Amino acid sequence: MSQAPTDHAGIATQNVVEKALQSQGEDRHKLGREKFIERVWEWKKLYGGTIINQLKCMGASCDWSRERFTLDEGLSRAVKEVFVRLYEEGLIYRGDYIINWCPRCHTALSDLEVEHEDVKGKLWYIKYKFTHKAGYVTVATTRPETYLGDTAVAVNPNDERYKDIIGKTVKLPVLNREIPVIADEFVDSSFGTGAVKVTPAHDPNDFEIAKRHNLPFIKIMTGDGKMTEEAGPYRGQDRFVCRKNVLNDLEDLGHLVKITDHDLAIGHCYRCKTIVEPYLSKQWFVKIKSLADEAIKSVKDGRVKIVPSGWENSYFDWMENIKDWCISRQIWWGHRIPVWYCKSCEEIIVSRETPTACKCGSDNLRQDEDVLDTWFSSALWPFSTLGWPDDTEELKTFYPTSVLITGFDILFFWVARMIMMGLKFMGKQPFEHVYIHALIRDAEGQKMSKSKGNVVDPLKMTEAYGTDAVRFTLAAYAAQGRDIKFDEKKVEGYKHFLNKIWNVARFISMNIQEGEKIVPVRELLSDGSPFTFSLADRWILSRVSSVCSEVNQSLDEYRFNDSANILYQFIWHELCDWYVEMIKPELYGDNAESKSAAISTLMHVYETALSLLHPFMPFITEEIWQQLPAGKEVNSLCIRKYPVADEGIKDREAEDKMTVIMDAVNGIRSIRGELNISPSLELKALIKADVSSGDILNANLTYVVKLAGAGEIQIGKEIKSPKNAAVAIKPSMEIYVPLKGLIDFDSEISRLNKEFAKTQKELMFIKKKLANEDFRMKAPKAVVEENQLKCNEYQSKLQGIQDNIDKFKEWGK
RNA sequence: GGGCGAUUAGCUCAGUGGGAGAGCGCUUCCUUCACACGGAAGAGGCCGCUGGUUCAAUCCCAGCAUCGCCUACCA
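Residues numbered from 1 in each chain as written. Chains lettered and ligands numbered in written order. Predicted model: local features only at pLDDT ≥ 70, side-chain atom pairs only at ≥ 80, totals over all residues. Heavy atoms only, no water.

Draft legend 1. Region of interest: the pattern of salt bridges. Applying the stated criterion to the full structure yields 47 salt bridges. A salt bridge links Arg329 to Glu113, with the shortest nitrogen-to-oxygen separation between them at 2.8 Å. Here Arg329 is found in strand 15 (residues 328-329), whereas its partner Glu113 is found in the loop between strand 4 (107-109) and strand 5 (114-130), with 216 residues between them in sequence. Of the residues examined, Glu113 reaches a relative accessible area of 1% and is grouped as buried. Salt-bridge contacts for Lys300 lead to Glu320; the nearest nitrogen and oxygen are separated by 3.4 Å. In this pair, Lys300 is assigned in helix 8 (residues 289-300) and Glu320 in helix 9 (residues 310-320), connecting sequence segments 20 residues apart. Using a relative accessible area of 55% as the deciding quantity, one classes Lys300 as exposed. (Salt bridge = Lys/Arg side-chain N within 4 Å of Asp/Glu carboxyl O. Helix = DSSP H or I, 4+ residues; strand = E, 2+ residues; numbered from the N terminus. Buried < 20%, exposed > 50% of the residue type's maximum accessible area, 1.4 Å probe, protein only.)

Below is the structure:
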């Protein structure tokens, strides 16, 4: 069972709908909460199916009847249950903290939802005058406007420069507020002036310092990013306008000492890119430490395996330094926090059901306005979708699930939180494997983004090239731990592969009668009459068996690019280029027995290949399967058992013999190709081969004749090179092709010289190795032997080349 | 600041402690009855640089360079 997740994407969705409202001259506050939510649901009905549709078009075979949405009834129930249980355990709390605030979205963001961008900024040095004496202390800041909210200046207690001013006070320019100089270990004496302004309500570090020293918290900014009453003359100004004005005024008053360049990373809202503000507000948090500890353990001890494992380090790093999770969002689209406040007695009621009255008897209750972070509900996905908190059959059957497939960019957002929640509420990990797939970038390697306009629409791709080609391309490039540069040219290339596959089907339907009885290969084998199989049959059967094991293994290891490439190479180059060509004489001939063996073999191999390919290209393989003239044991490929290797069909001898045939064919082809001899011209070939190779060639001569286009072939141990013959030298044979016209001795000699040089280089390399005493002593015996064999082989090949060069030189005189 | 990854043929990328691979592109030949979205034959690479470990390094280790990504409260 495979489930495709869809969440309600709280902030993003609310933004989109709000923008739509804006263009109609409305806004959510005028509309009111209920009406607004209705609008979002309408929007969701229109567009919510987009991703699911894309998945369907891409041929994802999920159980669509089990489609779920994080705001569904059942899932919402799970959310409330989890919130209440965590609250009762003290793992959820509410408090005033500095959080990341998006002034445009009007909501808190978790740390993860802030994107940092390096910018070249400035460091402004501002002087605060002492109250007890003349002079001043200078502080450095990147955000000068925040000085309006300063409630102290901090220095390091060990900083000799400032020892005597600790406990004294300074006066803020313009506002004339008097603030103390305090000592705190946090301050780094070596940075800036070693004195830091403390703005408790607008900086997380300052917030911590302020708590340690009981400093007041002054909010100088509203949720809109505008200055408050506390900002005195700057009240009402936008934060960036205020900065300019503050700097101008400080300069005018002589408080601006200097300005230096300073690189810093500025946080932006991940949904709308607005610069976020550290903002003091009351939020709900999850106390995360104990949950994280268990989640770390589950990966360390292998209950959860992340593939590729390199991501485990990132996971640990983040989990080990995790901070409490801010889960409240000041938006309307999402799960409303199940907390009510009694207006009469201040009681806080946390409840699964909507309460009607407080303990105190009052029914004057108000529900918390905020909703939960979308990821809070997504984190429950593996069990909430299976019916939790009820103890359902689905949970018993499917939990823990086997694999989660996702992108690295939500490893922390989602994966880590699912692991934490799964362990906490189910007592078991939510999945055994996490496969982190590649991220798809554009052809230049840029991350896709709507603002860059380089987003590839999968539906457009499937329209242009077909779903199967797109899927196969992605699989073929999905090497672990690397992103995919998506280039349409690649898809174009794999479309040709589909064409190839289709043409094999055509070939089959042209040569196999509708309803022709196909004898299963294994029956023919077990019949005790293996000789009805040709060498080609035995070879391809052996090969397809190996391919089965290789594909299965690479799939098990999530090495999809290997699976795809193995299939590509096998189908195109072995099945099409060699096997199909080799059996044509049988198919066109009238030997019923061998023809029947060839047909059975062809069907077996092709069906197996289709089956192996089916997960990569479901549509074309199924279509072809439906049209196959005969042999199908099930009526749909998608329910056919995935092929596994039949070890009994592996045939080492056949593969070795094929190597000899291929050597002969390739040798003759090389001569033809390099001398530009027309394929229509039949060649005569003489092959000097040892007895065993000669026997193999003699027994399978038709292959060489057919594939090399040779009319007459002589084979023998004692064959001598005739005059005016081109030559090809292979490990087990020398091939001569006599040519009617005079051949160009010089070009033959240079061709052979080139090969001589290449072979000699390799031979020298190996000889040097073998001459090394250490190598012979310390290298594994098999390696030494292998090198010795190779040495002999190269030596005889080199001799053969030399002999032929000599002959050409002789003839050329 | 910390961490991770990349660097291999013109391009895009696999790969391995013992003979450098694929696809596309390129060159030459071929419209032979599955396929010109094809077939056959070729050319093309100090496997980023410098050291170290090893009998042996493109691969392991260290450093460097360039590029990319993630992460971070030095004001």
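Draft legend 2. Layout of the sheet that holds strand 18 (residues 365-367). Strand order in this open sheet of three strands is 17-16-18, and the pairing throughout is antiparallel. Every other strand in the sheet has two partners, leaving strand 17 (348-350) and strand 18 as the edge strands with one partner each. Each strand of the sheet is rotated relative to its neighbour by a mean of 30°, with strand direction disregarded. Bridge analysis of strand 16 (residues 339-342) against strand 17 gives three bridges, and the strand direction is antiparallel. (Pairing = 2+ DSSP bridges. Axes fitted to C-alpha atoms, helices over the stretch in contact; angles between N-to-C directions.)

Draft legend 3. Fine view of the sheet that holds strand 25 (residues 710-716). Sheet architecture is open: four strands sit in the order 25-24-27-26, paired in mixed fashion. In this open sheet, the two strands that pair with only one neighbour each are strand 25 and strand 26 (725-730). If you compare each strand with its neighbour and ignore which way they point, the axes differ by 20° on average. Sheet topology note: the strand 24 (residues 683-689)/strand 27 (residues 733-738) ladder contains four bridges and is antiparallel. Within the sheet, the bridge partner assigned to Leu686 lies in strand 27 and is Tyr736. Contacting strand 24, strand 26 and strand 27, helix 22 (residues 652-674) crosses the sheet at an angle of about 35° to strand 27. (Contact = heavy atoms within 4.5 Å.)

Draft legend 4. The packing of aromatic side chains, seen in detail. Per the counting criterion, the structure on display carries 36 aromatic pairs. When the centroid spacing of 6.5 Å and the interplanar angle of 40° are considered together, the rings of Tyr128 and Tyr147 count as tilted. Placement of the pair is Tyr128 in strand 5 and Tyr147 in the loop between strand 6 (136-141) and strand 7 (152-155), with a sequence separation of 19 residues. On the basis of relative accessibility, which here comes to 0%, the residue Tyr128 falls in the buried class. For Tyr147, a relative accessible area of 0% translates into the label buried. Pairwise contacts between aromatic rings join Phe472, Tyr494, Phe497, Tyr568, Trp572 and Phe616 into one cluster. The ring of Tyr477 has Lys490 sitting right over it, with the charged end atom 4.2 Å from the ring centre. (Phe/Tyr/Trp six-rings, centres within 6.5 Å; stacked < 30°, edge-to-face > 60°. Lys NZ or Arg CZ within 6 Å of the ring centre and 35° of its normal.)

Draft legend 5. Representation of the side chain of Ser378. Of note, Ser378 is situated in helix 10 (residues 374-378). By relative accessible area, Ser378 is classed as buried at 2%. Residue contacts for Ser378: discarding those within four places in its chain leaves Asp7, Thr70, Trp414 and Met418.

Draft legend 6. Summary view of the protein's contact with RNA strand B. Around RNA strand B there are 60 residues in total, and Asp188, Asn205, Arg482, Trp572 and Pro780 lie nearest to it. The sugar-phosphate backbone supplies 64% of the atoms of RNA strand B found within 4 Å of the protein. At 2.8 Å, a side-chain N or O of Asn503 approaches a sugar or linking oxygen of RNA strand B. In the model, a sugar or linking oxygen of RNA strand B is placed 3.3 Å from a nitrogen or oxygen of the Gln569 side chain. Mapped by element, the contributors of at least two residues to the surface near RNA strand B are strand 6, strand 11 (256-269), helix 16 (488-511), helix 19 (560-588), helix 22, helix 25 (745-771), helix 26 (773-778) and helix 27 (781-812). Sorting elements by how many residues they give to the surface near RNA strand B places helix 19 first, with 11 residues. In terms of residue class, the surface near RNA strand B is built from 23 nonpolar, 16 polar and 21 charged. (Near = heavy atom within 4 Å. Polar contact = N/O pair within 3.5 Å; in protein donor to acceptor, adjacent residues only side chain to side chain. Nonpolar A, V, L, I, M, F, W, Y, C, P; charged D, E, K, R; others polar.)

Draft legend 7. Structural view of the side chain of Asp368. Looking at the element boundaries, Asp368 is found in the loop between strand 18 and strand 19 (371-372). Although Asp368 is buried, it makes no salt bridge; Arg94 carries the closest opposite charge, 4.1 Å away. For Asp368, the contacting residues outside a window of four places in its chain are Arg94, Trp284, Arg336, Ile337, Val339 and Tyr341. (Lys, Arg positive; Asp, Glu negative; His and termini not counted.)

Draft legend 8. Here's a closer look at unusual backbone geometry. The omega torsion across Val307 and Pro308 is -5°, close enough to zero to call that bond cis. For Pro308, the position within the fold is in the loop between strand 13 (305-307) and helix 9. Positive phi, normally seen in glycine, also occurs at Lys273, with a value near 70°. With respect to the secondary-structure elements, Lys273 resides in the loop between strand 11 and strand 12 (277-286). The partly exposed category is assigned to Lys273, whose relative accessible area is 46%.

Draft legend 9. The arrangement of helix 6 (residues 204-213) in detail. Regarding helix 6, the residues found buried are Asp206, Phe207, Ile209 and Ala210. With its buried residues spanning 165° around the axis, helix 6 presents them on a single face. Looking at the buried side of helix 6, the elements it contacts are strand 3 (92-102), strand 9 (178-183), strand 10 (195-198) and strand 12. In this structure Asp203 caps helix 6, since a side-chain oxygen of it lies 2.8 Å from the backbone nitrogen of Asn205. Once helix 6 ends, the next one or two residues include Asn214, with phi positive near 55°. (Arc of directions from axis to C-beta.)

Draft legend 10. Expanded view of the pairing of strand 6. Burial within strand 6 is extensive, with five of its six residues counted as buried. Sheet topology places strand 5 next to strand 6; six bridges connect them, and they run antiparallel. Each bridged residue has a counterpart across the sheet, and for Trp124 the counterpart in strand 6 is Thr141. As consecutive antiparallel partners, strand 5 and strand 6 are separated by five residues, and within that stretch Gly135 has a phi angle of approximately 100°, a positive value.

Draft legend 11. Structural view of the state of the cysteines. This structure, assessed with the given rule, holds zero disulfides. Between Cys242, a free cysteine, and Cys102, which holds the nearest cysteine sulfur, the sulfur-to-sulfur gap is 19 Å. (Disulfide = S-S within 2.5 Å.)

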